[in-house]
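Observations on chain architecture
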Amino acid sequence: MESKYNYFKRDISWLSFNYRVLLEALDERLPLYERINFISIYSSNLEEFYKIRVADHKAVASGATESDEETVQSARELVEEINKEVTRQLDDRVRIYEQKILPALRKNHIIFYQDNHVEPFHQQFVKDFFREEIFPYLQPVPVSKDKIVSFLRDNRLYLAIRVYPKKEEKNKGEETKENIEKYTGECINERNDGEGIKVGMEAARPNVTDFRQPLYFVMKQPYAKVPRFIELPSREKNHYLMFTEDIIKANLNLIFPGYDVDSSYCIKISRDADILIDDTASSADLVAQLKKKVKKRKIGDVCRFVYDRAMPSEFLDFLVDAFRIQRDELVPGDKHLNLEDLRHLPNPNKSLHSLEKPKPMKLTVLDEKESIFNYVAKKDLLLYYPYHSFEHFIHFLYEAVHNPETREIMVTQYRVAENSAVINTLIAAAQNGKKVTVFVELKARFDEENNLATAEMMQAAGIKIIYSIPGLKVHAKVALIRRRGLNGEKIPSYAYISTGNFNEKTATLYADCGLFTCRKEIVADLYNLFRTLQGKEDPKFTTLLVARFNLIPELNRLIDREISLADEGKQGRIILKMNALQDPTMIDRLYEASKHGVQIDLIVRGICCLIPGQSYSRNIRVTRIVDSFLEHARIWYFGNDGTPKVFMGSPDWMRRNLYRRIEAITPILAPDLRDSLIEMLNIQLADNQKACWVDDKLQNIFKKRTPGTPAVRAQYTFYDWLNKTNS
């Protein structure tokens, strides 16, 4: 049945979020290199978006795959709409980079050359650096529409070059032919350059009767051998930087003797990185499929061809034909592509200060002498990362390893850090004679290989590994320490439920929270969840909310309760914090609650398909916060007539989370911990520094500070609040 409500398109909403990331580069209150880093994040996000989402739509548009959610025509229209919006955003990225960032660098005595023209005092350095450090790694490959079969690697930067044979006074036709044969014979005759491009002498040979016909080459940038950014000698108080490709452009005449270099432009290919596997396969078959298919990720179908927008149309047309690019795959880019590399931009001016981010604090009640087991046996504990140290969780596992009463450690693994202290501790537990069971989700996108390698390492150490469930992803972030007294008596076991992964690296970058508890009802539910992951029983959950079991009915009951309160003239109140809101069924429930007068605040970092500002959403406000840390926690508040119910856990309100994944959400039952989560939500809603309203046109409208009110930057304000309460 067609809905009577409207929704934003998921991918267009995501582009609005990514544009908000780009806008951080405009914030002059931030340190300069922090602003530059947001351009890098924006660019990296966009690359992944094309590899996954746009690639999926293009597959439907071409008829290669079928979808229940879109037709061939609607997929084509969506790809066109996406490319149009991305082109608009990239225009802004060029403007921000060229008109804001580069002048700011210059103001701080960092001259960042943007082309191949350098000051006279650097010209010899550039030539010498090219000859000694770059030239040995360059392999120009001729491009022909008819004689060459070519393959450009995913997300690698190439220089597309157009040259003409030089004119000569005598015997110009034969001499030119001889030069060409000599060059192609020595450099590229019948070789495979390792990039999948097979070439021959015929591919580069021009029409001898018209020797001034252009020749085209591509050349992969040697970033595995040479840094993307080169520091040039300082002069007086100024420091100088240059792109490697600009150094190459300045010396193209040395690469192509006997030719006049006409022009050169950067290009890159983005390829479909999604892995299509038989999701109903057994664990053994799934492992075999993944090992085989992850290796093919870099040779997927083209989903984007990005080129320097200054490239002449006839040059672009030639490349499109030669590389068999579809017109809907063309995305005009900047002069310098792959700006995600800006995160590696050197900072030669050491006087430029960096951002003073909140340092992870250790709780005073959990000093090195205090047992987390003893503390949690008395009361629940809630940690907020990255404000609190992730070392507390590592210490929790360490205690479990060395506690003689520990019978079993059970953990889910979705994304873990390389050389993970969490994994090393679990291995130590197994070697110490503990029973350790780890559920490994192999289908965590872009972490498949790491998860598989980690699982095999744990298995070799004696850990029981349970692999992905057919047809489902397990996204819950939970751990269970099962204990029994040495004489068989019952003693507390420990449950841990988090909004974030067991990953030391992301625990310093993502804003998450995790609950430690000994409450019997939660421990029992979590044990039932692990038994479900092992396929042992059809569980019943009394306290935890688990997607695909009791989550949706309970959410409906909680929303109905707020609607009933509003109908009675009382305050109906809902605050939902999450990464993404997309499921139309749950959005409809929020629309209905709004129509009944329930006041709803949504704090949604990324995708939000709910449209505010409509007659049926007039009581709904959408806030987006982008700041130093990635907002990743999922926290839900229901007013409940003055006795709030607060929940936290792993799922967003996406269709995949609510219906196709195993997710775990816990109520916060301790009043003081519940109040601290409410305080965090209130601080985020009061943010007037980094928060935006998302309006009915998907615009990011910055919240403005009311005169006479304090400045509230939610992440830093909340950190200060936690610091004051750390006793």
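Check the entry above for the structure.
Summary of the structure given here. (Residues numbered from 1 in each chain as written. Predicted model: local features only at pLDDT ≥ 70, side-chain atom pairs only at ≥ 80, totals over all residues. Heavy atoms only, no water.)

1. A look at the overall build of the chain
Going by this rule: Secondary structure elements are defined from DSSP: runs of H or I of at least 4 residues count as helices, runs of E of at least 2 residues count as strands, and each element is numbered from the N terminus. Note on contacts: a residue pair is in contact if any heavy atoms of the two residues lie within 4.5 Å. Residue burial considers only the protein chains on display, and all accessible areas are found by Shrake-Rupley using a 1.4 Å probe.
Per the secondary structure count, the chain includes 20 helices and 30 strands. Across the chain, every contact between residues at least 6 apart in sequence was considered, and the portion connecting residues at least 24 apart equals 77%. Accessible surface, the chain: about 31,700 Å² in total, of which carbon and sulfur atoms supply 47%.

2. With respect to the side chain of Asn 338
Note the following rule: Each residue is placed in one exposure class: buried if its accessible area under a 1.4 Å probe, protein chains only, is under 20% of its type's maximum, exposed if it is over 50%, and partly exposed if it falls in between.
Note that Asn 338 resides in the loop between β11 (330–333) and α11 (372–378). The class for Asn 338 is buried, based on a relative accessible area of 9%. If near-sequence neighbours (up to four positions away) are discounted, Asn 338 is found in contact with Asn 155, Leu 157, Arg 228 and Lys 268.

3. Some remarks on the environment of Arg 661
Residue position: Arg 661 is located in strand β27 (residues 661–662). Residue classification places Arg 661 among the buried positions, given a relative accessible area of 8%. For the pair formed by Arg 661 and His 475, sequence separation is 186 residues and the distance between their alpha carbons is 6.3 Å. Apart from residues no more than four positions distant in its own chain, Arg 661 is found in contact with Tyr 414, Leu 472, Lys 473, His 475, Ala 547, Arg 548 and Arg 656.

4. Quick look at the packing of aromatic side chains
Worth spelling out the cut-off: Planes of paired rings set the category: under 30 degrees apart is stacked, over 60 is edge-to-face and the rest tilted, where pairs are Phe, Tyr or Trp rings (Trp by its six-membered ring) whose centres lie within 6.5 Å.
Going through the model one piece at a time under the given rule, you end up with 39 aromatic pairs. Between Tyr 265 and Phe 315, the aromatic rings sit 5.5 Å apart at their centres with planes inclined by 85 degrees, giving edge-to-face as the arrangement. Here Tyr 265, found in strand β9 (residues 259–271), pairs with Phe 315, found in helix α10 (residues 313–322); they are 50 residues apart in sequence, far enough to count as distant. On the basis of an interplanar angle of 50 degrees and a centroid distance of 4.6 Å, the ring pair of Tyr 496 and Phe 516 is categorised as tilted. Remark: Phe 516 occurs in strand β19 (residues 510–517) and Tyr 496 occurs in strand β18 (residues 494–498); sequence separation between them is 20 residues.

5. Some words on the environment of Lys 435
You can see Lys 435 is positioned in strand β14 (residues 435–440). Judged by its relative accessible area of 45%, Lys 435 falls in the partly exposed class. Note: C-alpha distance between Lys 435 and Arg 482 (47 residues apart in sequence) is 9.7 Å.

6. Describing the pairing of strand β22 (residues 599–604)
To keep things clear, this is the line we draw: Strands are labelled as partners when DSSP assigns at least two bridges between them. Crossover handedness is defined here as right-handed if the route from the first strand over the helix to the second strand goes clockwise, with the strands pointing away from the viewer.
By the criterion of burial, β22 is predominantly enclosed, with five of the six residues buried. Looking at chain direction, strand β21 (residues 573–578) and β22 are connected through six bridges and run parallel. Each residue of the ladder has a partner; that of Met 578, found in β22, is Val 604. The β-α-β motif built from β21, the intervening helix α17 (residues 584–595) and the parallel element β22 has right-handed crossover chirality. Here β22 pairs with strand β23 (residues 620–625) via four bridges, running parallel. Counted as the bridge partner of Asp 601 is Arg 621 from β23.

7. Let's talk about the packing of helix α19 (residues 671–686) against helix α20 (residues 714–725)
We count it as follows: Axis angles are defined between N-to-C directions and span 0 to 180 degrees, where every axis is a line fitted to C-alpha atoms and, for a helix, only to the segment in contact. Crossings are sorted by hand: turned counterclockwise from the far helix by less than a right angle, the near helix makes the crossing left-handed, and turned clockwise it makes it right-handed. Residues are sorted three ways: Asp, Glu, Lys and Arg are charged, Ala, Val, Leu, Ile, Met, Phe, Trp, Tyr, Cys and Pro are nonpolar, and all the rest, Gly among them, are polar.
Between α19 and α20, whose axes approach to 9 Å, the crossing angle comes to 145 degrees. Here α19 and α20 pass one another in a crossing that is right-handed. Note on element contacts: α20 touches α19 through Ala 714, Thr 717, Phe 718 and Trp 721, opposite Ser 676, Glu 679, Met 680, Ile 683 and Gln 684. Broken down by class, the residue content of the contact of α19 with α20 amounts to five nonpolar, three polar and one charged.

8. Some words on the nonpolar core
Stated formally: Here the nonpolar core consists of buried residues drawn from Ala, Val, Leu, Ile, Met, Phe, Trp, Tyr and Cys, with membership extended through side-chain atoms lying within 4.5 Å.
Grouped together as the largest cluster of nonpolar side chains are 114 residues, with contacts concentrated most on Leu 590, Leu 602, Leu 610, Trp 636 and Trp 653. Here this core takes 11 residues from helix α2 (residues 32–61), the largest share from any one element. Contacts of Leu 610, omitting those with residues within four sequence positions, involve Phe 8, Leu 581, Ile 587, Leu 590, Tyr 591, Leu 602, Ile 620 and Val 622. Counting 43 residues, the second-largest nonpolar core is a separate cluster that includes Ile 372, Leu 397, Val 401 and Ala 430.

9. Side note on the pairing of strand β26 (residues 645–649)
Counting buried residues in β26 gives four out of five residues, a clear majority hidden from the surface. Connecting strand β25 (residues 634–638) to the next strand, β26, in antiparallel fashion are six residues, including Asn 640 with a positive phi near 55 degrees. Looking at chain direction, β26 and strand β28 (residues 664–667) are connected through three bridges and run antiparallel. Its bridge partner being in β28, Met 648 is matched across the sheet by Thr 666.

10. Topic: helix α14 (residues 448–460)
Side chains three or four residues apart in an α-helix point the same way, a direct result of the helix having 3.6 residues per turn. Test applied: Multiply 1.5 Å by the residue count of a helix minus one, and that product is the helix's expected span.
In this model α14 runs 18 Å from its N-terminal to its C-terminal C-alpha over 13 residues, within 8% of the 18 Å that 1.5 Å per residue would give. Three or more residues of α14 are buried, namely Glu 448, Asn 450, Asn 451, Leu 452, Thr 454, Ala 455 and Met 458. Two residues or fewer after α14 comes Gly 462, characterised by a positive phi angle close to 100 degrees.

11. Regarding the side chain of Glu 329
Residue position: Glu 329 is located in the loop between α10 and β11. Given the relative accessible area of 7%, Glu 329 is considered buried. With residues up to four places along the chain from it excluded, the contact list for Glu 329 reads Lys 58, Val 302, Cys 303, Arg 304 and Phe 305.

Worth remembering: the numbers are spatial, not functional.
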